[in-house]
Amino acid sequence: MEFWTEIGLPAFALPGLLNYWVAIILMMIGFYTVMAHENLIKKVIGLNIFQAAVFVLYISMAKVDGGTAPILGDDIEVYSNPLPHVLILTAIVVGIATTALGLALIVRIRDAYGTIEEEEIRAAEQEAGT
Amino acid sequence: MFMLATALAIVRLRNLFASAMLTGIYSLLAASLFVVMDAVDVAFTEAAVGAGISMVLFLGTLALVKGKDRASRPKDVLPLIVAIATGAVLLYGTLDMPSYGDPNAPIHHHVADLYLDEGGSETGVPNIVTVVLASYRGYDTLGETTVVFTAAIAVMLLLGRARRRPRKNGKKIDAIDPEAPV
């Protein structure tokens, strides 16, 4: 909020839950991408959007007004909560692992079916089945 | 806000290469947002891993796959309805949450205080995130390493020797060929 007064705008309070709402909207954009798009790479990208949105949600929870990063200093009283940071550090690394695995699977699917469109894969599958 | 715009652009774009690039920008924006929210360690990791490594992975896959998002427009509205419904439920859930930056939120008064007060003196490391990650929750980090290791092995198996075998064009063949020399 200080930011607004510093740049000369009238002080107005952002709704306290705005960060969470933005995170949730981002999440749903990612979710929609995963569900609606036929292209497998696009689906993985949607998954990434979803992930990052969850990270934003957690880090928003960790923020304390007037706090600093949780690195101990002599004349600092208030720190942000370190626990969500730890959780999200782990989540980021696990996220990249799943992304890598998903993309590797896509490469193999493309080798086997010659396409990465879900619909075409299904068609090829049915053709092979009959 | 920028993240919202970027995410929407990613969803709308047909060109996969541009989408992958925007994913990198999205991660970078997320990283700067983390700095604003005092999570410097997370910001480092997100910038390096999200914007760096995952971009390389996406571009590598695109080079191998060479695709374009062909589906002109998603046909059915069901995914949209499901997404909006889930979003509405989640938004309703946030109404009970403490507002952003509230120092009295329950999340800040469980074990976080303990870590902040004792962590530095117990381990001698000033960075509390590192203290928790490597010392108090060391087993979690070990598990995380196992996950990454497993994923690396899986990727190597998927993209390793087997991929270079010649195969019938366009026809589905079994991923594991029993006659193939091991």
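The model shown is predicted, which means the values in this text are computed figures rather than measured ones. (Residues numbered from 1 in each chain as written. Chains lettered and ligands numbered in written order. Predicted model: local features only at pLDDT ≥ 70, side-chain atom pairs only at ≥ 80, totals over all residues. Heavy atoms only, no water.)

1. Section: the overall build of chain A
Moving on, step 1. Scanning chain A from N- to C-terminus turns up 5 helices and 0 strands.
Moving on, step 2. Helices and strands in chain A line up, N terminus first, as α-α-α-α-α.
Moving on, step 3. Considering chain A as a whole, with its 130 residues, one finds that 51% of them fall into the buried category.
Moving on, step 4. Look at the contacts in chain A between residues 6 or more apart in sequence, and 42% of them connect residues 24 or more apart. (Helix = DSSP H or I, 4+ residues; strand = E, 2+ residues; numbered from the N terminus. Buried < 20%, exposed > 50% of the residue type's maximum accessible area, 1.4 Å probe, protein only. Contact = heavy atoms within 4.5 Å.)

2. So, the overall build of chain B
Moving on, step 1. When you go through chain B residue by residue, the secondary structure sums to 7 helices and 0 strands.
Moving on, step 2. Along its sequence from the N terminus, chain B presents helices and strands in the succession α-α-α-α-α-α-α.
Moving on, step 3. Residue burial in chain B is summarised as follows: out of 182 residues, 33% are buried.
Moving on, step 4. Taking the intrachain contacts of chain B between residues at least 6 apart in sequence as the baseline, contacts between residues at least 24 apart amount to 39%.
Moving on, step 5. Of the roughly 11,100 Å² of accessible surface on chain B, 69% is carried by carbon and sulfur atoms. (Areas by Shrake-Rupley, 256 points an atom, 1.4 Å probe, with all protein chains shown as cover.)

3. Focus on the interface of chain B and chain A
Moving on, step 1. On the chain A side, the residues contacting the 86 residues of chain B number 77 residues.
Moving on, step 2. Interface of chain B and chain A: buried area, both sides summed, is about 7,600 Å²; carbon and sulfur atoms make up 76% of it.
Moving on, step 3. On the chain B side of the contact with chain A, Asp38, Phe58 and Tyr100 of chain B bury the most area, a combined 9% of that side's loss.
Moving on, step 4. Linking chain B with chain A are 0 salt bridges, by the criterion used here.
Moving on, step 5. Across the contact surface, chain B and chain A share 2 residue pairs in polar contact (both at pLDDT 80 or more).
Moving on, step 6. Taken together, the elements giving at least two residues each to the side of chain B that touches chain A come down to helix H1 (2-12), helix H2 (16-36), helix H3 (40-65), helix H4 (78-94), helix H5 (112-123), helix H6 (128-136) and helix H7 (138-159) of chain B.
Moving on, step 7. The leading source of residues in the side of chain B that touches chain A is H3 of chain B, at 14 residues.
Moving on, step 8. Grouping the amino acids of the side of chain B that touches chain A by side-chain chemistry returns 58 nonpolar, 15 polar and 13 charged. (Buried area = accessible area lost by both parts, 1.4 Å probe. Salt bridge = Lys/Arg side-chain N within 4 Å of Asp/Glu carboxyl O. Polar contact = N/O pair within 3.5 Å; in protein donor to acceptor, adjacent residues only side chain to side chain. Nonpolar A, V, L, I, M, F, W, Y, C, P; charged D, E, K, R; others polar.)

4. Observations regarding H3 of chain B
Moving on, step 1. The terminal C-alpha atoms of H3 of chain B lie 35 Å apart, and with 26 residues this matches the ideal 38 Å at 1.5 Å per residue to within 8%.
Moving on, step 2. Where H3 of chain B bends most, at Glu46 of chain B, the angle is about 30 degrees. (Expected span 1.5 Å × (residues − 1). Bend = angle between axes of the 7 residues up to and from the residue.)

5. Section: a nonpolar patch on the surface
Residue and element names in this part refer to chain B.
Moving on, step 1. On the surface, a nonpolar cluster with roughly 380 Å² of combined accessible area is contributed by Val77, Leu80, Ile81 and Ile84.
Moving on, step 2. Within the secondary structure, Val77 sits in the loop between H3 and H4.
Moving on, step 3. Overall, the relative accessible area of 54% leaves Val77 in the exposed class. (Patch = residues over 30% accessible without salt bridge, like charges linked within 9 Å, V, L, I, M, F, W, Y side chains within 5 Å.)

6. As for the confidence of the model for chain B
Residue and element names in this part refer to chain B.
Moving on, step 1. Per-residue pLDDT for chain B averages 73, and the proportion of residues at 70 or more is 74%.
Moving on, step 2. Ranking the elements of chain B by mean pLDDT puts H1 last with 61 and H7 first with 86.
Moving on, step 3. Contacts for the low-pLDDT stretch residues 166-182, under 50 throughout, to residues beyond four places or in other chains number 17 contacts. (pLDDT = per-residue confidence, 0-100.)

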